[in-house]
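Chain by chain, the residues:
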Amino acid sequence: MQNILCFSHLHWDFVYQRPQHLLTRFAQQNRVLYFEEPRNGNADFYEIDLQDGVSIIKIFINDEEENRNQRLEKLINNVIEDQNIKTYSCWYYTPMALEYTSHLTPQITIYDSMDELSAFRFAPPQLLDLENELFKKADVVFTGGHTLYQAKKDRHHNIHPFPSSIDKSHFQKARINKIDAEDQKHIPNPRFGFYGVIDERFDIELLREVSAQRPDWHFVIIGPVVKIDVNELPRAENIHYLGSKKYSELPDYISHWDIALVLFAINESTEFISPTKTPEYLSAGLPVISTPIKDVVKPYGEANLVYIADNAETFIAYAEEELVKDSKKEWLAKVDDYLADESWDNTFEKMNQLINNVKKNYGIYVWFFNYRLRIRRIGL
C-alpha cells in the first residue's frame with residue numbers, strides 16, 4: 001500500500017465530483033489521506049473521518065493568531081507523524097496548498113488541474129505564482145478537459161487531458177426508476193432540470209428569460225448556492241430551487257425530467273470547464289440543452305448528442321423540437337455507442353498507469369544514484 005496525501009480546495013461532503021470518483025478508486029490500492037481546505041476554528045487541531053475508504057482530514061486553524069502557514073505546516077507534520085507515514089506521494093487539486101506543504105518531500109507529485117481556479121470569483125492573487133511553482137514540482141499533470149489541456153500543455157513535459165467521465169451504473173438507474181422524489185412530485189411537466197454548484201458560472205439571465213417566455217415549462221434547480229447572492233437568482237412560479245441533494249439521490253430526480261440543462265454562462269470562469277454533468281445526463285438517457293461551453297460543443301455538440309443554445313430563442317426552439325419527438329430510441333443508441341468506453345474506472349486505470357510510469361522511472365533513478373554512490377565508495 002502506497003500513501004497518497006491529497007490537498008484540495010473542496011470539502012469532501014460538498015458535491016460528489018471528480019476528486020471523489022478518482023480517489024475512492026485509488027484508495028482501493030493505496031492509503032489515501034484527503035486534506036480539505038483549512039477551516040476557521042478556535043484552536044489549531046485536526047480530525048479524521050473515514051469515508052469510502054478515504055481518510056478525510058479536517059484541519060481547523062485559529063485565524064486570529066499569527067504565522068498561519070507555519071502552524072498549518074505543523075498540523076500537516078502532526079498528521080504524517082501520528083499516522084506513521086514514512087514515504088508518500090502528494091496529489092494537488094489546488095496550488096494554494098503549497099503555502100503550507102512546500103516543505104514536504106514526496107516521492108512523486110501529482111497535479112490534477114480540474115479547473116482554471118484563477119478565473120473563479122474571489123481567487124487569491126498569489127494563485128498563479130503558486131501554480132507556476134507546482135508545475136515545477138509536479139512529476140505528472142492531469143487536466144479536467146481538453147480546452148484546459150490546450151491552455152496548459154506547454155507548461156509541463158508530462159501533462160495529459162482527462163475530461164469528465166461517468167459512473168454509468170449509477171446514472172442508468174434513472175432510465176428505469178418509476179418513483180418521483182417527494183419534493184419534486186408536485187412540479188408539473190415539462191420539467192427542465194439542472195444539478196450542480198450554483199455560483200458565478202450559472203447562467204442566471206438565460207434561466208430568467210426562458211422561464212418568463214415559457215411560464216408553462218418548469219425548471220428544477222438542484223445544488224448549493226455559493227459565492228453569489230441568493231437574491232440574484234430569478235424567482236418565478238415555474239422555477240423550483242430544491243437545494244443540495246446526495247449523489248445517491250440524483251437518479252431519482254433526473255429520471256422524471258424531460259430535458260436536462262448544462263446552464264452555464266459564457267465568461268472567464270467557464271472558459272476551461274468540462275462539466276461532469278454532461279455525460280451523466282446522457283447516461284441517464286436525458287436529452288440535453290447546453291450553452292456553448294467549449295468542452296461540450298466539442299465533442300458532444302459536434303456529434304449531435306447535445307443541443308447547443310447561445311440565447312433564449314435558440315433554447316426555446318430546441319426544447320420545442322425535443323418535446324414533440326415520438327421516440328428517442330435512435331438517439332439513445334447513438335449515445336450509448338459514444339459512451340461505451342467512458343467510465344471513471346477507465347480514467348483511473350489510465351491515470352494509474354501514468355503514475356506507475358513515473359514511479360518506475362523514479363525507481364531506476366534511485367537505483368542508478370545508489371549504484372554511482374557505491375562505485376565512488378570503493379574508489380572505481
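See above for the structure.
Residues numbered from 1 in each chain as written. Predicted model: local features only at pLDDT ≥ 70, side-chain atom pairs only at ≥ 80, totals over all residues. Heavy atoms only, no water.

Draft legend 1. Focus on the overall build of the protein. Within the protein, the secondary structure is distributed over 13 helices and 15 strands. Its C-alpha radius of gyration of 23 Å places the protein within 12% of the 21 Å reference for a compact globule of 380 residues. Classification of the 380 residues of the protein by burial places 53% in the buried group. Look at the contacts in the protein between residues 6 or more apart in sequence, and 67% of them connect residues 24 or more apart. Surface accessibility of the protein: about 18300 Å² in total, with carbon and sulfur atoms responsible for 48%. Between the centroid of the 42 positive side chains of the protein and the centroid of its 57 negative side chains there is a distance of 8 Å. (Helix = DSSP H or I, 4+ residues; strand = E, 2+ residues; numbered from the N terminus. Rg over C-alpha atoms; globule rule 2.2 N^0.38 Å. Buried < 20%, exposed > 50% of the residue type's maximum accessible area, 1.4 Å probe, protein only. Contact = heavy atoms within 4.5 Å. Areas by Shrake-Rupley, 256 points an atom, 1.4 Å probe, with all protein chains shown as cover. Lys, Arg positive; Asp, Glu negative; His and termini not counted. Charge placed at Lys NZ, Arg CZ, Asp CG, Glu CD.)

Draft legend 2. Local environment of the nonpolar core. Ranked by size, the top nonpolar core spans 56 residues in total, and within it Phe194, Phe202, Trp257, Leu261, Leu282 and Phe315 carry the most contacts. In this structure, Trp257 is in contact with Gln184, Arg191, Gly193, Phe194, Tyr195, Val220, Ile222, Tyr281 and Leu286, ignoring residues within four places of it in sequence. Within the second largest apolar cluster, 31 residues are counted, among which are Phe35, Ile80, Cys90 and Met96. (Core = buried A, V, L, I, M, F, W, Y, C linked by side-chain atoms within 4.5 Å.)

Draft legend 3. Molecular detail of the environment of Leu134. By the element assignment, Leu134 lies in helix H4 (residues 127-137). Here Leu134 falls in the buried class, since its relative accessible area comes to 0%. Placed 23 residues apart in sequence, Leu134 and Tyr111 show a C-alpha to C-alpha distance of 7.5 Å. If we skip the residues at most four places from it in the chain, Leu134 touches Tyr92, Pro95, Leu98, Thr109 and Tyr111.

Draft legend 4. Representation of the pairing of strand S4 (residues 45-51) within the structure. Here S4 pairs with strand S5 (residues 54-61) via seven bridges, running antiparallel. Looking at the pairing, Gln51 lines up with Val54 of S5. (Pairing = 2+ DSSP bridges.)

Draft legend 5. Just the sheet that holds strand S14 (residues 288-290), in detail. Strand order in this open sheet of six strands is S12-S11-S10-S13-S14-S15, and the pairing throughout is parallel. Looking at strand neighbours, the two that pair on one side only are strand S12 (239-243) and strand S15 (307-308), the edges of this open sheet. In this structure, strand S10 (residues 191-195) lies alongside strand S11 (residues 218-222), joined through five bridges in parallel fashion. Counterpart to Tyr195 in the pairing with S11 is Ile222. The strands that helix H7 (residues 204-213) touches are S11 and S12; relative to S11, the one it contacts most, it runs at about 150°. (Axes fitted to C-alpha atoms, helices over the stretch in contact; angles between N-to-C directions.)

Draft legend 6. Focus on helix H10 (residues 294-301). Within H10 the residues assigned to the buried category are Asp295, Val296, Tyr300 and Gly301. Looking straight down H10, one finds that the buried residues subtend no more than 160° of arc, so they occupy a single side. (Arc of directions from axis to C-beta.)

Draft legend 7. Inspection of helix H11 (residues 312-323) at higher detail. The end-to-end C-alpha distance of H11, which contains 12 residues, comes to 16 Å, matching closely the 16 Å that a straight helix rising 1.5 Å per residue would cover. Three or more residues of H11 are buried, namely Ala312, Phe315, Ile316, Ala319 and Glu322. Taken end-on, H11 shows its buried residues confined to a sector of 130°, consistent with a single buried face. In this structure, the buried side of H11 is in contact with S10, H7, S11, strand S13 (259-262), S14 and S15. For H11, the N-terminal cap is Asn311; the gap from its side-chain oxygen to the backbone nitrogen of Glu313 is 3.2 Å. (Expected span 1.5 Å × (residues − 1). Polar contact = N/O pair within 3.5 Å; in protein donor to acceptor, adjacent residues only side chain to side chain.)

Draft legend 8. Looking closely at the packing of aromatic side chains. Under the definition given, this model contains 23 aromatic pairs. Summarising the aromatic geometry, the rings of Tyr195 and Tyr281 are spaced 5.1 Å apart at their centres and angled 75° between planes, so their arrangement reads as edge-to-face. Here the residue Tyr195 occupies a position in strand S10, and Tyr281 occupies one in helix H9 (residues 277-283), the gap between them amounting to 86 residues. The class of Tyr281 is buried, set by a relative accessible area of 0%. Each residue in the set Tyr16, Phe171, Tyr195, Tyr247, Trp257 and Tyr281 is aromatic and connected to the rest through ring pairs, giving one cluster. For Arg214, the ring lying beneath its charged end belongs to Trp217, and the centroid distance is 5.7 Å. (Phe/Tyr/Trp six-rings, centres within 6.5 Å; stacked < 30°, edge-to-face > 60°. Lys NZ or Arg CZ within 6 Å of the ring centre and 35° of its normal.)

Draft legend 9. Layout of unusual backbone geometry. That bond from Asn189 to Pro190 is cis: its omega, 0°, falls within 30 degrees of zero. If you trace the backbone, Pro190 turns up in the loop between helix H6 (168-171) and S10. Residue Pro299 is bonded to the preceding Lys298 through a cis peptide linkage, with omega at 25°. Take Pro299: it is sitting in helix H10. A positive phi is found at Lys227, a non-glycine position, where the angle reads about 65°. Tracing the backbone shows Lys227 in the loop between S11 and S12.

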